[in-house]
Amino acid sequence: MTQPWKDRIFTNLGTLPLRSENPDDGYTVEDLVSHGWAPGDYIGPCRECREFFVAAKRSRRCRPCAVKSLEAYRNRPTWRSGHDGIPTDRPVWAYFYVGTSIDEGPVLLLRGVSDEDGEEFTVDYEGRPWDRDGHVVCWIDVEERPSLSVEAVDAIVAAMGAWALYYSGGGDHIVEDWLHREALRAVADGHRDAPAIAAAALKSRELKFSRYYG
Ligand SMILES: [Zn+2]
């Protein structure tokens, strides 16, 4: 049986310093610590690339791999409030306001292609395109169906502040009531971020818009 890690030791062990320092390249120790690296004098293998490196004892990654992880985190797709910047040439996930109806909620998590104004969202319905009318509340450019997160709730609340521009104040409080129910559902379901989701949802109460059901 081969032991590739042994070869690694012999290829790079002799070149390792006794102690690592953080170079002045823009990435601080604070930046990198949550991605698994801090300077120190302990030797161990990187869980990512398997190279041996010298760092603080609890470091999981070598510095290049920690930098890569930090950059991937910084460039990850994030929820964007409203329809600004939404691609119109490919599907994205969006919380889409469809208004009130008997058999659907007022806001649906849909995958579809938006128009430029974020007011028409074309979804696939049993193999056929279905244009949903309403408004993009927030969107994220990912493949897999996202779940409700604090980041999503923040984006939804931010959209509510600007909602009056599109609906003269008509849709905001409907979205708000829906969001507060979703936050309650997160609590009931034991979502691990439920307290943070609920706190983020309640921030909508600071917004001033009509809460009149006419
Ligand atoms: Zn590495």
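What comes next concerns the included structure. (Residues numbered from 1 in each chain as written. Predicted model: local features only at pLDDT ≥ 70, side-chain atom pairs only at ≥ 80, totals over all residues.)

With that settled, the discussion passes to the overall build of the protein. Along its length, the protein carries seven helices and eight strands. Here the protein holds 214 residues, and the buried ones make up 29% of them. Counting contacts in the protein only where the partners sit at least 6 residues apart, residues at least 24 apart contribute 54% of the total. (Helix = DSSP H or I, 4+ residues; strand = E, 2+ residues; numbered from the N terminus. Buried ≥ 20, exposed ≤ 12 C-beta atoms within 10 Å, placed from the backbone. Contact = placed C-beta atoms within 7 Å.)

On to the environment of S210, then. Take S210: it is sitting in the segment after α7 (194–202). Each C-alpha atom of the pair S210 and H173 lies 6.9 Å from the other, and the pair is 37 residues apart in sequence.

Before going further, it helps to spend a moment on the sheet that holds strand β7 (residues 128–133). Within the open sheet, the six strands sit side by side as β3-β8-β4-β5-β6-β7. Their pairing is antiparallel. Taken across any chain shown, the strands that pair with only one partner, and hence form the sheet edges, are β3 (80–81) and β7. As paired strands, strand β5 (residues 107–114) and strand β6 (residues 120–125) are joined by three bridges and run antiparallel to one another. Looking across to β6, one finds that S114 is bridged to F121. (Pairing = 2+ DSSP bridges.)

Time to look at the packing of helix α6 (residues 172–188) against α7. Running from N to C, α6 and α7 point in directions that differ by 165°, and their axes come no closer than 8 Å. Here α7 runs roughly antiparallel to α6, going by the angle between their axes. Judged by the twist between their axes, the crossing of α6 over α7 is left-handed. Between α6, through L179, H180, A183, A186 and V187, and α7, the contact on the second element is made entirely by A194, I197, A198 and A201. Grouping the amino acids of the contact of α6 with α7 by side-chain chemistry returns eight nonpolar, one polar and no charged. (Axes fitted to C-alpha atoms, helices over the stretch in contact; angles between N-to-C directions. Parallel < 35°, antiparallel > 145°, perpendicular 65-115°, else oblique. Left-handed = near helix turned anticlockwise from the far one by under 90°. Nonpolar A, V, L, I, M, F, W, Y, C, P; charged D, E, K, R; others polar.)

The next thing to look at is unusual backbone geometry. Backbone geometry at R50 places phi at a positive 70°, although glycine is not the residue there. One can find R50 in the loop between β1 (42–45) and β2 (52–55). Exposure remark for R50: the 12 C-beta atoms within 10 Å place this residue in the exposed category. Backbone geometry at E126 places phi at a positive 50°, although glycine is not the residue there. Here E126 is to be found in the loop between β6 and β7.

Another aspect to go through is the environment of F209. With respect to the helices and strands, the residue F209 is situated in the segment after α7. For F209, a count of 19 C-beta atoms within 10 Å translates into the label partly exposed. When the C-alpha atoms of F209 and G161 are compared, they prove to be 8.0 Å apart, with 48 residues separating the residues in sequence.

The next point concerns the nonpolar core. General note: in soluble globular proteins, nonpolar side chains tend to be found buried as a group. By size, the foremost hydrophobic cluster in this structure holds 30 residues, and its most contacted members are A94, F96, V136, V137, C138, V153 and I156. Of all the secondary-structure elements, those providing two or more residues to this core are β4 (92–97), β5, β8 (135–140), α4 (150–162), α6 and α7. It is α4 that contributes the most residues to this core, seven residues altogether. Here F96 is in contact with V107, L108, L110, F121, R132, G134, V136 and V137, once residues within four sequence places are set aside. Among the nonpolar cores identified, the runner-up in size contains nine residues, and L32, A38, C46 and A55 belong to it. (Core = buried A, V, L, I, M, F, W, Y, C linked by C-beta atoms within 7 Å.)

Let us now look at the pairing of β1. Sheet topology note: the β1/β2 ladder contains four bridges and is antiparallel. For Y42, the partnering residue across the bridge sits in β2 and is A55. Joining the antiparallel neighbours β1 and β2 is a turn of six residues, in which R50 adopts a positive phi near 70°.

Attention now goes to the packing of α4 against α7. One can describe the packing of α4 onto α7 by two numbers: an axis separation of 9 Å at closest approach and a directional angle of 5°. The angle between the axes of α4 and α7 places the two elements in the roughly parallel class. Judged by residue contacts, V150, V153, D154 and V157 of α4 engage A196, I197, A200 and A201 from α7. Taken together, the residues that form the contact of α4 with α7 break down as seven nonpolar, no polar and one charged.

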